[in-house]
Each structure stands twice: as structure tokens, then as C-alpha cells.
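Structural characterization, general
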Amino acid sequence: MRRLENAFWFAFAVPTLGIVLVLFFAPFLYSALGSFQSKSGQLTLDNYALVARLYTKDVLYTVGIATFSLAIVLFIGILLCGYLRVYGNKLVEFLFKIPLFVPFVVVGHAMRVFLAPHGILNSMVAQIGLINLDNPPSLAYSWLGISLALAWKNMAMAVLLILGAFRSVHETYLEAARNFGAGAIRQTLDVLLPMSASSLAVASVLMFTSMLASFSIPLMIGGGKGAQMTMIDVYYRITYQGDYGAANALGVVSYLLASGAAIYYLRTVTRK
Amino acid sequence: MKVNPGAMGRATVKIAFLALVLFVIFGPLSSLAIWSVAEKWYWPYALPQQVGLFYWGRVLGSDLMRSLQLGFFIATAVTMLTLLCTVPVGYALARFDVLFKSVIMMLFLLPQAFPQLPVFANAAVLLYKFDLGATIPGVVLIHMVGSLVYAVWIMTAVFKSIPVEMEEAAINLGASRIKTFLTIALPLAVPGIVASSLLVFLYSLDEFTGTLLIGAPFVVTLPVFMYNASMGYELQVASITALLLMIPGMVLLVLLERYLKAEYLSMFGRI
Amino acid sequence: MGPSGCGKTTLLRSIAGFIKVDSGRICFDGRDVTGLPPQERDTAMVFQNYALWPHMTVFDNVAYGLKLKKVPASEVRRRVMGALELVEMVDILGVEGIESRKPPELSGGQQQRVALARALVVQPKVLLLDEPLSNLDAKVRQRVRVEIRRLQKRVRITTIHVTHDQEEALSIADSVVVMDKGKVIQVGSPQEIYRRPQSAFVAEFLGSSNVLTGQLCRADQTVSVGGIKLSCATAAEGKATVVFRADEARLAGEEAQVQGNVVVFQGDVEETLFVGSAFRHFVKIGTELVMVDSPESSPLRRVKVVVPREKVQIYPLEG
């Protein structure tokens, strides 16, 4: 009887589950299997050999950008959230939520025109005479441009996550430190940061994997030459060469890089 | 009144800090606004030589309006279908020992962990096999993959936050399961359902990766339209589109600002 | 001392400097500290939840204030151990335990001591305790109360101890300040406060008190309450509260002759409860219910409630 009732409720999940299974998990498995197949359908490791030969540098490049971007986000995020937690500033807090709801493609395009060789940023800096516009440095179309754009977009999420963690630290822990003369920075580094270390670690893993998987921002702001982020490689491999085997092998590499986040999500389920 | 030099210094630092924040947030966005009204702009000029609304007029009479309508149509369909699918699932997962409960939870969580692009590329192959490639239903379905996994979790959380005693009181008075759901749980869940529908709507409106892979070249929503314009160096057209694309998000930000919690926003941290 | 929400913790946090005051001044020993930040006031606070940092060892918790003051490492060590010795934690944890254990591993009473040590180690001029015993269970609380009093006498630091527990306040304070709704109601020694509460609120807050409503009459200088008239000097007309303690009243038979300067009410015993130290009789006098404690349960039904006149307090109601 009880089993019957459980099965009854399960029935509600079937259509929803169906869509996710057919359009996410089936393609997911298909891409994993496809990575071991040649064009004629035989089992092979050639795709991985190709990936290792052509894309090792790109994978490292991707990890590098995500790491650098995460470092920017954490550095600014922790200091900013420490300030917001200790002193409070509603306006600044609101301003930092804005990037959250700016679509990725818009961020890509905005950064493209903002950071371009003759873009707004360079024009402004040139006005104060720091650079020469005849030979301008370009942030767009480079790893630095991608990192800055990713950091800008992720800053909103970081502020939400870090500030949430900082807010869950009870006020008295801060007052106890303030009692001895700890300023905002000391309170942040000595009390807030260590007391929310585990939430921050989780936030970092999630932001890191989402940066590894970023597609539209590097698509719009990345350079046409040199190293590319892996998602761009996957996209080009499919649209320009129709080579699903290699693209899927690269996809599997990206799944593996995302396994940190996957483990976290699995844990949340098993904990409940 | 004597001015305290320490307080003056602090005020200066505060204003400088606020100016920096404003620059960091609005600097990149300001370039969109400037480009949208730049009728003539060649370097080395720091600002456009000629400013006007010429491109706005041209853009608003172009394909953009079709993309806009299409985007709203798709987002409406995605939102309604997502609600229809996830409200019952969320309620069941929140209240009952559903068969294979932890497996189901896991299946709805894992998609959030993995990169979407390689999966969607293979899903596109599948959709083309069913003749759904480059069609509106195909794009709706691919948007739903993203919105379903998100909405199931939100709905479950929304229903879990309603004390079970409220429903037990109704059952105790003789209400049936269905009646209890319709008269107690559902009305109490309305604020949560509305908030998450708005987020799903925005997600679909802004979705780029799946639409590019499945919709192109016939189903062009606003983000894809903007991407094409930007890559074709039609910077004015792209900037105007980008500004239009930002409006729904900004409206939602003001509406939902107080309710924004990190766990409800996983969908917007991606791709 | 005061009921929750009366503003006692706010006052304490203002003294510590966590809250900026809108008006008025805060002085220690004549020194105006109103505008000073917390660390320059020479105060140290022990929080209700102790607020021991869970990620630092016991040693690091206590040493934190000294490290911020850039005290040399060897002296830090000496003073930290000294402070922990003072609260008798060195014997309990051992030197090794102090350097390795973290607050969440300690019991509530031990955390309390560490929190005290963290406050004492900076040698404050004023020690601020915010309900320090409220998170301990009843048995431990009794013991720690005595220890805090002993410690305070030994270190001779002015201590402000906030509590809502009247027994705690009366038993360890040299001077008690009663607060209500953000105002100081009465200041005095514990004996004064207990014996001569100066308002119905204080009397009621000290517990086991009966509060009756009476009517003042200026013409014949009396107050009518519970069907009798008491003489009382009054310059006002209107309502007054009449207060006496349950343990200072006694019961007598309906027909009994009562002598001396006493107040006598007629009433019916409605209920008798055993409350441990005594039997508490609930007596209906007119429309009011009063409590009378006595060591033996009274079998009587119609009774006289007898209270010495000097134990009956009368407070005119304002407004």
C-alpha cells in the first residue's frame, strides 16, 4: 500500500524527469560514448590523442583564466563583503547585484567595446595621458579581457554568497574582536573569513566550474588567434569541422574538470 | 560650526570609494549607452563626433522587433510549461517518500554541475533527428532543460517552507488530499511560485547557448540577434539590442531585490 | 537588572562603545569616554553566547586582544596563562589542552571561564558581563555565580553585570540598578531594593509579591483596598497599587483575634499549592487574588490575611 502511494507520487515526476533524461542525460552519455568512437563508429582512443596533441595548451589556458578570475573575485569579494558586513552600505550592496541580471552575451559585448584598443577605457586612460592611443594596449581579445569580464559577471554571485556567509556569523563574534580594537580588515580576516571558510570553499568550487564552462563571454571577447577556452574549441570543432568525436572528447575533459562541483551537488543530496 | 578634519577625510574616502564602485559597475555598461547614440565615431576622438537617435529608429523598425516578440513568446511558453511540470513534482518531493526520491533529486541537481555546451551540442543532434532542430518547440525544449532542474529545487524549497501542520489541520477537518493541496498549500506557495516564474521567464529570455545551437538559423531570439550584430561589427545595433536586453533583468532586480538569495539564483551564475 | 527588553543590554553595549549614544555622557572615574571607540575605553565584555571564536584555540582566543596591542610574544604567553590560571582553566585543560583545544570542544561552564579570561587578560578598568550565566544549566549557574563573585573580589575590577534574574542580581551585587522600559527605576544595595522597593514595578519584579489596586482618598488620608481602609499620607486622589510579599503575610482563622500594627483582609482560600519551600495559598479578597506562603497547609476556608503594616507598600498610580 505504502509502496503504491510512493509510486503514485513518482508518477508526477515522470514527465519532468523524462525531459531532463532525454535532453540532458542521454546527450551527456552520448557525448561520453561518442568520444571513444571514430567517424565510422569503431571504438578508438584517437579522439583523445587528438585532444592531447591540439588542446592541452587550451585546457591549461582555460584553467589559468578561471583561476585568475576566481582570485580577482575572491580578493575583491572578501574585502568588499567584509566592509559591507561590518559597516553596511545598502547602495553599494545593490550596485554589486546588478551584474547578476545582465545577460552573459550583453556582458561579452559591453566588455568588447569597453576594453577594445580604441574602447572607452583606453580613451579615458589616454585622456589623463597614461597611454598613447597610436599604439594602444588591448585588454579585449586577450586572456586578461576574458578574465576581467568573467570576474565582473561573477562578482554579483560572489557578493551574494560571501555576504550571506558573513551575515550568518553572529554580531557578538565581531564585537568581541572590536572590543580589543580590531578594525574592519582584522575583523574580516581574523573572524569572518575563518568562520565562513567552508561556505567560501563551496562558493569557490561552484564559481570556478562555471568559469571553466563559460562560453558566450570568451566567444565574444576572446582572440581569434592563439589559445582558446575549451568551450570555444568544442563549438568550433562542431560548427566548422563537424568533428563530434574530438569535440566530445574535449567535452569529457570539461566534465572531469567540473567533477568538483558534481561531488558537491551529490553530497547535498546524500546529506538530506 | 567647526569642521572635523577626520570626518572630512572619511567622507572623501567614502565618496571616492562610491565613485570607484560606480565606475566598475557602470563603466562597461556606459559604453553600450554611448555606442547606441553614436552616429559617427572614429578614433582618436574620446566621444562620438555625431550623436543622435538615428540607429534607434532604424533598429526598432528592423528584424529586432520580430526577435523580441519571438523571445517573449518562447519565454512565456517555457515558463508555463515549467510551472505545469514542476509545481506537482516540488510538492511531491517536499511532502512524500516518492519512489527513488534521492535518485530523482540527484538527476535534477547534476545538470547544474556540468558544462552545458557539449551536452546541448549532442542534444541538438537528437532534436534534429526528431525534426525539431531550428524550430520553436525545439528551442522551448532546450530552454526547459535548464529551467526544470532549477525550478524543481525552488518549488521543493517553497513547499518545504510551508509548515506541514497547516495541511494536517485541513486533513484533520476532513479535507481530501487534492482539496488540501488546492486550498492550503498552493495559495501559501503563490509568492514563491511567482518569484521563481519571473526568474524562469528571465532565464529563457536571456538564454544564449542552447538557442544558438538548436535555433540557428531560423529561430533568432534577442541574445542571438545581438551576438550576430556584435560579431558583424554593427556596434550601434548590437549596443541598442544589449540595452533592450538588460531592461527585463533590471526590472526584476528592483522587484525581487529583497528576496535575492544565492541558493535561488544558481541558474544565473552559468554560461 | 530588569525584564527582557528593558534596555539593559543596550545600556551595556553603549558603555562598551558598540552603540553610539544620541545624547548624554558616559564617564569612567571622571574620564569622559562618550566619543571613544570600544578599544580605547578600557572595557572588556563577556557576551551572553560567549562569542568565543570557534576556529581559534583557547590560547589564541585569550591572546587575541594582546596580539592586537602588539604585546611581545613572551609576555603574551605569560599573561594568557595568568588569566587562565585566574579562572582555574589551566588545571582543567593543561597547557597542552589550552594550545590545542577549541571552544566548541568545551562545556558551557568552561567556555564561560575562557570568555572571562579573554576579557580579563587585557586588564580592563571595567568588566562588562552580559547575562553571562543565562546559557548555563541551573546547577552550574549556582556554582559559577559564586565563582564570579570571588573572582571579582580578587581582581578588584569594577564589574557591570546585566541579568534578568533577580536572585542572581541580589546575591552577587554590591549595588543594584533596576531598569524598565529604558529607564532606571531604582538604585540601591540589594537589601534596600529587596526590603524597600520604591515602586510597584520593582516590588512585582522581585517576585512573590501581591499587587492590589486601591483607591486613594485625600480628605481622610486613607486608601481603600480589599474592603478595608488603610491610613496613608497622600496628597493625591485616584488609584494606587498596594503591594506586600507572599512570605510576609500569614493566615489566621476567621474568628481569631489579631494584635499589633497589622493590616487584616478577609478572604476565602481558593487553592493551595505545594511549591517546595512552602505551601502557597491563593486567597480571594473581594475581586482580587493574593498569595500567602506558610510552612504548613492551612485547612481553613474562610480566613484572615494578616500583614505587618510596615511590610505593606502603597504607590500612587501616575496619570
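Residues numbered from 1 in each chain as written. Chains lettered and ligands numbered in written order. Predicted model: local features only at pLDDT ≥ 70, side-chain atom pairs only at ≥ 80, totals over all residues. Heavy atoms only, no water.

Let us look at the interface of chain A and chain B. Taken together, the contact pairs 84 residues of chain A with 94 residues of chain B. Summing the contributions of chain A and of chain B, the shared interface buries around 8,200 Å²; its carbon and sulfur component is 82%. The tally of links from chain A across to chain B stands at 0 salt bridges. Our count for the chain A to chain B interface comes out at 6 residue pairs in polar contact (both at pLDDT 80 or more). When the residues that make up the side of chain A that touches chain B are grouped by side-chain class, the tally is 61 nonpolar, 15 polar and 8 charged. (Contact = heavy atoms within 4.5 Å. Buried area = accessible area lost by both parts, 1.4 Å probe. Salt bridge = Lys/Arg side-chain N within 4 Å of Asp/Glu carboxyl O. Polar contact = N/O pair within 3.5 Å; in protein donor to acceptor, adjacent residues only side chain to side chain. Nonpolar A, V, L, I, M, F, W, Y, C, P; charged D, E, K, R; others polar.)

Residue and element names in this part refer to chain C. Here strand 15 (residues 288–294) lies mainly inside the structure; 5 of its 7 residues are buried. Pairing between strand 14 (residues 279–285) and strand 15: 7 bridges, direction antiparallel. When the bridges of strand 15 are listed, Arg-280 appears paired with Asp-293. Taking the residues that link successive antiparallel strands as the turn, the strand 14-strand 15 hairpin has 2 residues, and the phi of Gly-286 there is positive, at about 60°. (Buried < 20%, exposed > 50% of the residue type's maximum accessible area, 1.4 Å probe, protein only. Helix = DSSP H or I, 4+ residues; strand = E, 2+ residues; numbered from the N terminus. Pairing = 2+ DSSP bridges.)

Let us now look at the packing of aromatic side chains. Per the counting criterion, the structure on display carries 26 aromatic pairs over all chains. Among the aromatic side chains, those forming a connected cluster through ring pairs are Phe-215, Tyr-235, Tyr-236 and Tyr-240 of chain A together with Phe-208 and Tyr-227 of chain B. The lysine or arginine in question, Arg-112 of chain A, covers the ring of Tyr-233 of chain B, its NZ or CZ lying 5.0 Å from the ring centre. (Phe/Tyr/Trp six-rings, centres within 6.5 Å; stacked < 30°, edge-to-face > 60°. Lys NZ or Arg CZ within 6 Å of the ring centre and 35° of its normal.)

Our focus in this paragraph is the domain arrangement of chain B. Residue and element names in this part refer to chain B. When its domains are assigned, chain B resolves into domain 1 (5–54) and domain 2 (56–269). Here the C-alpha centre of domain 2 lies 34 Å away from the C-alpha centre of domain 1. Each side of the interface is counted separately: domain 1 has 10 residues, and domain 2 has 10 residues. With both sides pooled, the region where domain 1 packs onto domain 2 buries about 860 Å², and carbon together with sulfur makes up 68% of that total. Summed over the three residues of domain 1 that lose the most area to domain 2, namely Leu-32, Trp-35 and Ser-36, the buried surface amounts to 55% of that side. Where domain 1 meets domain 2, there are 0 salt bridges. On the surface where domain 1 and domain 2 come into contact, there are 4 residue pairs in polar contact (both at pLDDT 80 or more). Going through the elements one at a time, helix 1 (5–36) and strand 1 (38–40) are the ones with two or more residues in the side of domain 1 that touches domain 2. (Domains from an automatic or database assignment.)

Below, the discussion takes up the pairing of strand 6 (residues 176–180) of chain C. In the case of a regular strand, side chains alternate between the two sheet surfaces. Residue and element names in this part refer to chain C. Of all the 5 residues making up strand 6, 4 are buried; the element is thus mostly covered by neighbouring parts of the structure. In the sheet, strand 6 pairs with strand 7 (residues 183–188) via 5 bridges, with the strands oriented antiparallel. Bridge pairing links Met-179 to Val-184 in strand 7. In this antiparallel pair of consecutive strands, strand 6 and strand 7, the connection spans 2 residues, and Lys-181 shows a positive phi of 45°.

Facing the 20 residues of chain C at the interface are 16 residues of chain A. Of the roughly 1,700 Å² buried between chain C and chain A on both sides combined, carbon and sulfur atoms contribute 65%. At the boundary of chain C and chain A, one finds 1 salt bridge. Across the salt bridge formed by Arg-13 of chain C and Glu-175 of chain A, the nearest N and O atoms sit 2.3 Å from each other. The tally of links between chain C and chain A comes to 7 residue pairs in polar contact (both at pLDDT 80 or more). Counting residues per element, the ones that place at least two in the side of chain C that touches chain A are strand 3 (43–46) and helix 2 (58–68) of chain C. Broken down by class, the residue content of the side of chain C that touches chain A amounts to 13 nonpolar, 5 polar and 2 charged.

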